[in-house]
Structure formats: C-alpha cells, structure tokens
Number of protein chains: 2
Amino acid sequence: MPTETFNNLPKDKQEAIIRAAVAEFAKSAYEQASLTKIVAQAGIAKGSMYQYFENKRELYLYILNMAYAEKKRFLQGVFDEDDDFFATLKRYYRRSYLFAKEFPLYHRVITHYWDYCAEFDQEIRSSRELRANEFIGMLEAAIENRQANPDIDKDAAFFVYHSVGKELIENFLELSEDVQEQHLQFIDQVLDVLALGLKKRKE
Amino acid sequence: MPTETFNNLPKDKQEAIIRAAVAEFAKSAYEQASLTKIVAQAGIAKGSMYQYFENKRELYLYILNMAYAEKKRFLQGVFDEDDDFFATLKRYYRRSYLFAKEFPLYHRVITHYWDYCAEFDQEIRSSRELRANEFIGMLEAAIENRQANPDIDKDAAFFVYHSVGKELIENFLELSEDVQEQHLQFIDQVLDVLALGLKKRKE
DNA sequence: CCTTGATGTGACCACCCAGTCACTTTCTAC
DNA sequence: GTAGAAAGTGACTGGGTGGTCACATCAAGG
C-alpha cells in the first residue's frame, strides 16, 4: 500500500520510517498511536509521510502486514510434522512464544491489533474464522486418529484454545532471559490442562 | 470518592450524572472516554463536575466501583451451595453471562477495565491475584473430594479458566433474546471442554 | 433587605491529534 | 545551464481533550 515514492526511497530512510512506525504501533494501539510522533522519530516532515502513505490507516496496515509476514515465516513448518495433535499444538504455542521473544515489537503490534478496535472489527472477525476452520480441521483429523475426544463440541474447543492462546502470549512480555524456560514450562502445563481436563480421569 | 456537594445533590441530578458517565465509560475505555461528552449528556457545566469529583480518574473509579458492586450483588450465593466443583463453575459463568445481559452497560464498564490499561496496571494485577487464590482454594477442595485431577498444575488451571472466562463473557454482547439459551449452552460446552479435556478418555 | 458562603457556569488554557497545501529544494533530461 | 518534474517541508486548519477560574446565581441567617 505504500506509494512508488516510498519504494524508491534509499534503504536507510525507508528503514528509519519503518522502525519509527513499528515502535509507535508497538507502544500504542492504532487509535492511540501518534503519526506526529512517528514522523518526529523518523526525522522526516509530516507532509513527506503523506507522500509515502495515503493516511495513518494505510501506514498501519503496512506495518501490521510486515509483522504478520514475519510471524508467518517464523511459524513455518510447525504444522508439517504430522505427529500427535497435542504435540503439534505444543509446538505451535511454544513457537509463538519464541516469536514474541525474538520480535517483541512485531509481537506487540499484533496483540494490539487483536485488542478489539472498532476500525478493524470486520477484518478481525474474518481472520478469526479462518483460524477456527484450520483448528477444527486438525481436531477432526485427531478424532479420526482416536487421539481426541469425539464427544467434545468443536467450536467450543476452538474457542478455548483461541482465548487461552491469546492470553498466554499476551502475558509474557517482560521476556527476561532467565525465566524463558520457566515460561515454556508454564505453556506446557497450560496445554496439559486443556488436553487432560480438570476432571479426574478414571483408571 | 465524590465530594459532599455531590452527595447533597437532588437524586435526579445525581442520577443524570451517573447515567451519563456510565454510558460513556461503557462506550469507551477510560482513556478514550470524554469528560466533555459526559457533562454535555448530563446537562451540567464542566466546572460543576469538578466540584463533584476531583478529576476524571475519580469519577471513573466511582462508576467502576458501582458496576462491581452491582455485579457482586448479582453473583451473590453462587459459591454457597457446596455441591460439585464443576457445577459451581457452571453456575458462576452462567450467572456472569446473565449479569452481562441484565446490566449491559455495567458489564461493558467492567470489561473495558480489564482490557489492559497502563493507568490501572497495579490494581488489575492485585485483583487478579485475589481471584486466583479463591479459585485455587476451590480447586484444592475439589482435589481432596476426588472430583478434580490432582496431577494438574493449579496455576495453569486458574490461568485457563481466567482467560476463557474473560473471552467468554466479552464475546456475547449482542444479547438478543432468542439466542440466550444458545449462548448458555455454548458456555456449558466450553466448560465441558475445560473439565474433560480434549484428549480421549479411556474406559 | 443585605451579607455571606456555597454552588453553578462556560469561556478559556495548554496541549494533543490527522491531514493539507503553498512553497522550497533536489533531481533529471535535454 | 536550465526547465520542468518529483520530492520534501512545516506552518496551518479544524478538531479534539482534561482541567481552571473569574464571575454569576442562589439560599439562608441576621
């Protein structure tokens, strides 16, 4: 969505703009983020920004897509090994955590996006639906393989994993080195709760 | 936190102010909510508001406490019947849903509060900890009664119920009559997922 | 009737914001 | 070397915000 003018910019200038925008959209959600601060940080005039992007919204979407592209790359291959359904889930959540650790700014841009925001209600809903279908597909396969409980409501199951995943990743943002292993273990334990359930199992 | 002056106000004026403030804080989170709009809606001068409340923050906390007090009253007795742990949880979540339906504005004030907001980080953390201790206490009792799985990590279990509960209630805001039963059933199904787990059970 | 203290008021302050545009600078091609 | 196009600029517009304060109004007591 940026203009040709932006694409023709020298790399370092482009990067300065992107860096400033990422920092601001990581610090504040779309509505609270300040274009004025971004241009100040990037060291360009406000008018210039409007030659690179149509408006604040377009700049935001550009940055958001960058963040998502990076995350997608980072999560590549998580679903490839077709071992246990539950092992795959663990891999997915652990890897998401590591993404948050490696790209904390991109991570915050993404979580801010998910925090309900009227401006993007439509888009959020439809991308949620996409993820739901993916999850339910995997779950159905797991039921066929007799790994997963066939009596469970699939939409409810997605809902649970979705909300826990959201909160899980959102909750580990200090990201200091020494607690990383602790965090990963907590993720495992949370996923165990989801897999095994709270109710005592017979046998 | 309101001043004596506010308490001495005629009831209808007090109520008009409260109504306007509740509406605004239900529509927008603290930072986005506009005091200017509140006083306009309430039909008073801005200066008057500052004779009733020290500032926006105090007004907000007053309204927030009202909402919480109402919710507390509404949830009274949910934990009294000491039947099944899982039955109690269902009662709790179902009743929370009904509160959201009966007092949608108070409900939205509360959910906006939980949406992370730098201004109240401290308070949110400590009230979360309180709820965690309550939950874990109940869970320990359930383990003693041999209702709950003793192998599960208790903090992880709270984390799961907390995040799912948050998302659950936040998600049903259209609140049209004909889907209420459907919503309550979905809540039950979600709680079944949490109780039984996704993994196939033996036997 | 007048004084006095409590209450009510809205123009105003300082600050923020997204977006615009007349103008300047830089680059390119002839 | 210069004309014309492309790119860069920042003061400005119109809008918003929370909070203040000199003044107006009102109520009650002497």
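See the structure above.
Keep in mind that what you see is a predicted model, and the values were worked out from it rather than measured.

**Points about the protein's contact with DNA strand D**
(1) Moving on: The immediate surroundings of DNA strand D are formed by 19 residues, with G47 and Y52 of chain A together with S34, L35 and Y50 of chain B found nearest.
(2) Moving on: Take the atoms of DNA strand D that sit within 4 Å of the protein: sugar and phosphate atoms are 61% of them.
(3) Moving on: Between S34 of chain B and DNA strand D, the recorded distance is 2.8 Å, taken from a side-chain N or O atom to a phosphate oxygen.
(4) Moving on: Separating a phosphate oxygen of DNA strand D from a side-chain N or O atom of Y50 of chain B is a distance of 2.7 Å.
(5) Moving on: For the surface near DNA strand D, the secondary-structure elements that each account for two or more residues are helix 4 (46-52) of chain A together with helix 3 (35-42) and helix 4 (46-52) of chain B.
(6) Moving on: Considering each element in turn, the surface near DNA strand D owes the most residues, five residues, to helix 4 of chain A.
(7) Moving on: A class-by-class count of the residues in the surface near DNA strand D yields six nonpolar, eight polar and five charged.

**A closer look at the packing of helix 8 (residues 121-144) of chain B against helix 9 (residues 154-171) of chain B**
Residue and element names in this part refer to chain B.
(1) Moving on: The geometry of helix 8 relative to helix 9 is characterised by a closest axis approach of 9 Å and an angle of 115° between their N-to-C directions. The handedness of the crossing between helix 8 and helix 9 is right-handed. Residue-level contacts link R128, R131, A132, F135, I136, L139, E140 and I143 of helix 8 to K154, D155, A157, F158, F159, Y161 and H162 of helix 9.

**Comments concerning the pattern of salt bridges**
Residue and element names in this part refer to chain A.
(1) Moving on: Under the criterion given, the structure shown has 20 salt bridges over all chains.
(2) Moving on: Between R57 and E123 there is a salt bridge whose closest N-O contact spans 3.7 Å. Here R57, found in helix 5 (residues 56-75), pairs with E123, found in helix 8 (residues 121-144); they are 66 residues apart in sequence, far enough to count as distant.
(3) Moving on: Linked through salt bridges whose partners overlap, the residues forming this network are R57, E119 and E123.

**As for helix 6 (residues 85-102) of chain B**
(1) Moving on: Under the 1.5 Å per step criterion, the end-to-end length of helix 6 of chain B is 26 Å for 18 residues, consistent within 8% with the ideal 26 Å.
(2) Moving on: Buried within helix 6 of chain B we find F85, F86, T88, L89, Y92, Y93, S96, Y97, F99, A100 and K101 of chain B.

**Focus: the relation of the copies chain A and chain B**
Two copies of the chain are present, and they differ by a rotation about an axis and a shift along that axis.
(1) Moving on: With an axial shift of 0.0 Å and an RMSD of 0.0 Å, the rotation relating chain A to chain B amounts to 180°. The two molecules are tied by a two-fold rotation axis, judged by turn and shift. Measuring from the rotation axis to each C-alpha of chain A, the shortest distance belongs to G197 of chain A, at 1.8 Å.
(2) Moving on: Take the interface residues of chain A: 100% of them recur as interface residues in chain B, which is what a same-surface contact looks like.

**Overview of the nonpolar core**
(1) Moving on: Of all hydrophobic cores here, the largest spans 72 residues; its most connected members are F135 and Y161 of chain A together with F135 and Y161 of chain B.
(2) Moving on: For this core, the secondary structure elements donating two or more residues are helix 6 (85-102), helix 8, helix 9 (154-171) and helix 10 (180-196) of chain A together with helix 6, helix 8, helix 9 and helix 10 (180-196) of chain B.
(3) Moving on: Excluding anything up to four places from it in sequence, Y161 of chain A contacts F86, L89, Y93, F135, L191, L194 and A195 of chain A together with L198 of chain B.
(4) Moving on: Counting 36 residues, the second-largest nonpolar core is a separate cluster that includes A20, F53, L61 and L64 of chain A.

**What about the interface of chain A and chain B?**
(1) Moving on: Tallying the contact residues gives 41 residues for chain A and 41 residues for chain B.
(2) Moving on: Roughly 3,700 Å² of surface becomes buried between chain A and chain B when both sides are summed, with 67% attributable to carbon and sulfur atoms.
(3) Moving on: For the interface between chain A and chain B, the tally reads seven residue pairs in polar contact (both at pLDDT 80 or more).
(4) Moving on: Every element with two or more residues in the side of chain A that touches chain B is listed here: helix 6, helix 8, helix 9 and helix 10 of chain A.
(5) Moving on: Residue contributions to the side of chain A that touches chain B peak at 13 residues, all from helix 9 of chain A.

Reading the values: rules and limits
- Residues numbered from 1 in each chain as written.
- Chains lettered and ligands numbered in written order.
- Predicted model: local features only at pLDDT ≥ 70, side-chain atom pairs only at ≥ 80, totals over all residues.
- Heavy atoms only, no water.
- Near = heavy atom within 4 Å.
- Polar contact = N/O pair within 3.5 Å; in protein donor to acceptor, adjacent residues only side chain to side chain.
- Helix = DSSP H or I, 4+ residues; strand = E, 2+ residues; numbered from the N terminus.
- Nonpolar A, V, L, I, M, F, W, Y, C, P; charged D, E, K, R; others polar.
- Axes fitted to C-alpha atoms, helices over the stretch in contact; angles between N-to-C directions.
- Left-handed = near helix turned anticlockwise from the far one by under 90°.
- Contact = heavy atoms within 4.5 Å.
- Salt bridge = Lys/Arg side-chain N within 4 Å of Asp/Glu carboxyl O.
- Expected span 1.5 Å × (residues − 1).
- Buried < 20%, exposed > 50% of the residue type's maximum accessible area, 1.4 Å probe, protein only.
- Least-squares fit on C-alpha atoms with pLDDT ≥ 70 in both.
- Core = buried A, V, L, I, M, F, W, Y, C linked by side-chain atoms within 4.5 Å.
- Buried area = accessible area lost by both parts, 1.4 Å probe.

The analysis is restricted to geometry; functional conclusions fall outside its scope.
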